[in-house]
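Okay, here's what each chain looks like letter by letter:
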Amino acid sequence: MIRRTTSDHPIQSQPSRERPIRSVSSRGKRSTNASSVSVYLYVGIISLLFLLAMLWTVSQMNQAIQQTSTEPDAISSNSLHTDKASQQQYPSRDKITPERMLEQFRHRYGKASDHMAAKGYLSFGNTSIEATARRLLEASKAKRPFVMAFAGYSVTVGRGNHFKQSFPFVLGRLLEPLLQDNLQIPSITVRNAAIGGIPSFPYGFCLDHFLGDDADVISWDYSMNEGSGASVLEAYLRQSQAQLSNKRPMVIVLDMNPQRCQLLEKYVQQGYLRDAICVGTAKDAVPKEFLELPEDHRPPGLQHWQEFGAPDSCPGRGPWHPKMMEHTLIAWIMALHFVKAVDRALELQQQPDFTLKTESEPLLFSAPLASNLPRNDPAVTSMLFGHKLENASDSGSNYVMKPLSCRTNFLPATDADRTLSSIVVSGLAHDVSPENIMTERSDAAYHWGWVYDVSSLERETKVKVEKCGGLGYVDMKIALYGVPESGPLRMWLPSERTVQHDLSDNNAQNWFDTIVICEANEKRPDDACHLNADMNYTVGGVSLSSTAMVAGAGEYLKRKTCFHVGVPIGAEITLLKDVTSADGKTLTPDQRDHLGKGLNDEHVGVIVDIVAKTPVTRKKGACCISHVVWEHH
């Protein structure tokens, strides 16, 4: 507030005599009074404009975050699940420094901000901050986008809100001006590849397919489906660093479970992860008393707390789903780590001897650190946690992850080629494809062959969402479904190993270590088809005699969803040129080109035949294949 004295008044150059305040009849006195009023009015207007300018400056990033159109097509058309944050039209603004970001955080959350910064996340000391700073500088040096790819289930998808109101996209909009202004990183690419209602596997077998192999940062958000242990997270961490070895991405775990955060800390300390953070939600970060205050007494970031971003009539408004303002809060908590990393990156740039180092050595792990590993066949355990090197000691880093191949039609994905149709030789129903997935399948279609379909609940939910304009969601659990009348389904799994091997060796076990087939994660009745009991499998010409479901990883609603097929003794490879349909017909050139896209006729693979057994019916629950995963020898 501006305080004025008598000597400051522009028309009082001489002492004035005090007069009682009353109506004035003379022209001179009216003129003096009018001048005083105009001056005060002028000063008031200037003060008001100054105050408005200050408020406008403080609110710039809030506006960028909150400008969320309800139109479903607001996501970048380059990729349905990708948002290039640079497409956001930011108002003209001053430079966004780390200090200004922290000021905005404190303005947004008021007295709760200190508690949120202290309790909202764990970054395990300076190691993660240093590594993230270097990761940012790598993007800056290459003048490329910084890529953040998020995995998870319905929480990360943003159910109950518009897709672009989910915390991954909010985080991208928060960080982009910071990275542009300070490190000249041109943009941030955000991929929200979460899928509602899934556990971390079999998704974790297919990370490069869902997240892309160029991700600088990835995430894990499956706490509601994983119990309280850390073993499945450990398998996910190992898969992430092996499959995405180009950048060995930072891992954000949306969970504050002590066992899992302690595991994450050990992985950072031992160098298996360069950088990682555990991030909490409102229950971890915000003191309850702040949310119990009257609405107008809360900090701006905690107001409208009970409001979802989507209309009331839209699905997804479960109490376990964060509402719009909590998504923004989660993004801000994550942003705090990157603010520190940018600050550190600026310091590193000032060091005259600073260089960016590149690592070329293959990553080796120790024996699994988590306790109570799931009890599985040794081949499955090795697939999840790594193979111990021959003649290696029991201590030290001597476990290696072998290459995996994955095929699935689950969406969203970064690779449109690695779908189930790319390995199916024969047995598909005609004119029933993923492209017309919203068309309800007839019983007759199931008699024509195996059918691309979704569960009735999945389709019904999608229809409800479409009535709300789609909300921007792109996730869908498309799988192959079959009954005995569908006939045999034949697949050819190509070798995708990089190490050369003798083509005269027909032994499939010298090319493939194991095969796992999974069903879609959905609510299925107890008498629905079970992968281990209700289907016959033949691998490389050998029928399976023993069957076992995968324990721990891939469990959903207490149902095991993945089956260990394995590679039986005596199984043989088949060259692409020798592949035939299940009824012995030679493939046409077009069929062979589709099956072996980019491969030559001498390429090695193994044939897998699957038949649904009686008494499986569609009404009880057809047999379902959502993921086919194989590990190379």
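None of the values given here were measured: they were computed from a predicted structure.

**Quick word on the side chain of Glu-234**
Turning to step 1, where the next piece is worked out: Within the secondary structure, Glu-234 sits in helix α9 (residues 231-243).
Turning to step 2, where the next piece is worked out: A polar contact is formed between the side chain of Glu-234 and the backbone nitrogen of Ala-370, at a distance of 2.8 Å.
Turning to step 3, where the next piece is worked out: What Glu-234 contacts, discounting residues up to four positions off in sequence, is Leu-263, Tyr-267, Pro-368, Leu-369, Ala-370 and Phe-385.

**A look at the packing of α9 against helix α10 (residues 258-269)**
Turning to step 1, where the next piece is worked out: Where α9 meets α10, the axes come as close as 10 Å, and the angle between the chain directions of the two elements is 30°. The two elements α9 and α10 meet at a crossing, and its hand is right-handed. Residues Leu-233, Glu-234, Leu-237 and Arg-238 of α9 touch α10, and the partners they reach there are Arg-260, Leu-263, Leu-264 and Tyr-267.
Turning to step 2, where the next piece is worked out: In terms of residue class, the contact of α9 with α10 is built from five nonpolar, no polar and three charged.

**Some remarks on the sheet that holds strand β13 (residues 479-482)**
Turning to step 1, where the next piece is worked out: Overall, antiparallel pairing links the three strands, which are arranged β12-β13-β24 in an open sheet. Of all the strands in the sheet, just β12 (451-453) and β24 (623-625) have a single pairing partner and so form its edges. Strand-to-strand, the axes of this sheet are offset by a mean angle of 40°, without reference to chain direction.
Turning to step 2, where the next piece is worked out: Pairing of β12 with β13, which is carried by three bridges, proceeds in the antiparallel orientation. Paired with Asp-453 across the bridge in β13 is Ala-479.

**A look at the sheet that holds strand β21 (residues 562-564)**
Turning to step 1, where the next piece is worked out: A sheet is described by the order of its strands in space; here five strands give the open sequence β10-β25-β15-β21-β18, paired in antiparallel fashion. Bordering the open sheet on either side are β10 (404-408) and β18 (548-549), each of which pairs with just one other strand.
Turning to step 2, where the next piece is worked out: Strand direction decides the pairing type here: β18 and β21, joined by two bridges, are antiparallel. The residue bridging Met-549 from the neighbouring strand is Phe-563, located in β21.

**Re the nonpolar core**
Turning to step 1, where the next piece is worked out: Counting 105 residues, the largest nonpolar core has Tyr-203 and Ile-515 as its most contacted members.
Turning to step 2, where the next piece is worked out: Leaving out residues up to four positions away in the same chain, Tyr-203 has contacts with Phe-150, Ala-151, Ala-193, Ile-195, Ile-198, Phe-210, Leu-211 and Tyr-222.

**Details of the state of the cysteines**
By definition, a disulfide links the sulfur atoms of two cysteine residues through a covalent bond.
Turning to step 1, where the next piece is worked out: According to the stated counting rule, one finds five disulfides in the structure shown.
Turning to step 2, where the next piece is worked out: What pairs with Cys-518 in a disulfide is Cys-562, and their sulfur atoms sit 2.0 Å apart. Here the S-S torsion is close to 105°, and the disulfide linking Cys-518 with Cys-562 is therefore right-handed. Of this pair, Cys-518 sits in strand β15 (residues 512-518) while Cys-562 is found in strand β21, placing the two residues 44 residues apart along the sequence. An identical accessibility class is assigned to Cys-518 and Cys-562; each is buried.
Turning to step 3, where the next piece is worked out: The disulfide partner of Cys-529 is Cys-623, and the S-S distance across this bridge is 2.0 Å. Taking the sign of the torsion about the S-S bond as the criterion, the disulfide between Cys-529 and Cys-623, at about 85°, is right-handed. Pair noted here: Cys-529 is in the loop between β15 and β16 (535-539) and Cys-623 is in strand β24, with a separation of 94 residues, a long-range link.
Turning to step 4, where the next piece is worked out: Classification of Cys-529 by relative accessible area gives buried; the value is 1%.
Turning to step 5, where the next piece is worked out: By relative accessible area, Cys-623 is classed as buried at 0%.
Turning to step 6, where the next piece is worked out: With its bonded cysteines labelled in order along the sequence, the chain shows the pairing 1-5, 2-3, 4-6, 7-9, 8-10.

The rules behind the values
Sequence order as written defines the numbering, with residues in each chain counted from 1. Restriction of local features to residues with pLDDT of at least 70 applies here, the model being predicted, together with a cutoff of 80 or more for giving and counting side-chain atom pairs; totals for whole chains, interfaces and linings are based on all residues. By convention in this description, side-chain values take in all heavy atoms of the structure and omit both hydrogens and water. Numbering of helices and strands starts at the N terminus; helices are DSSP runs of H or I of at least 4 residues and strands are runs of E of at least 2. By the criterion applied in these results, polar contacts are pairs of N or O atoms within 3.5 Å in which, for protein atoms, one can donate a hydrogen and the other can accept it, and in which residues neighboring in sequence qualify only through two side-chain atoms. Residues are treated as being in contact if the distance between any of their heavy atoms lies within 4.5 Å. To get an axis, a line is fitted to the C-alpha atoms, and for a helix only the part in contact is used. The angle between two axes follows their N-to-C directions and goes from 0 to 180 degrees. Here a crossing is taken to be left-handed if its near helix is turned anticlockwise relative to the far helix by less than a right angle, and right-handed if that turn runs clockwise. For this scheme, ten residues count as nonpolar: Ala, Val, Leu, Ile, Met, Phe, Trp, Tyr, Cys and Pro. Four count as charged, namely Asp, Glu, Lys and Arg, and the remainder, Gly too, count as polar. At least two DSSP bridges between two strands are required for those strands to pair. Buried Ala, Val, Leu, Ile, Met, Phe, Trp, Tyr and Cys residues form a nonpolar core when they are joined through side-chain atoms within 4.5 Å. Accessible area is worked out with a 1.4 Å probe on protein chains only. A residue is then buried under 20% of its type maximum, exposed over 50%, and partly exposed in between. Our working definition of a disulfide is a cysteine sulfur pair at a distance within 2.5 Å.

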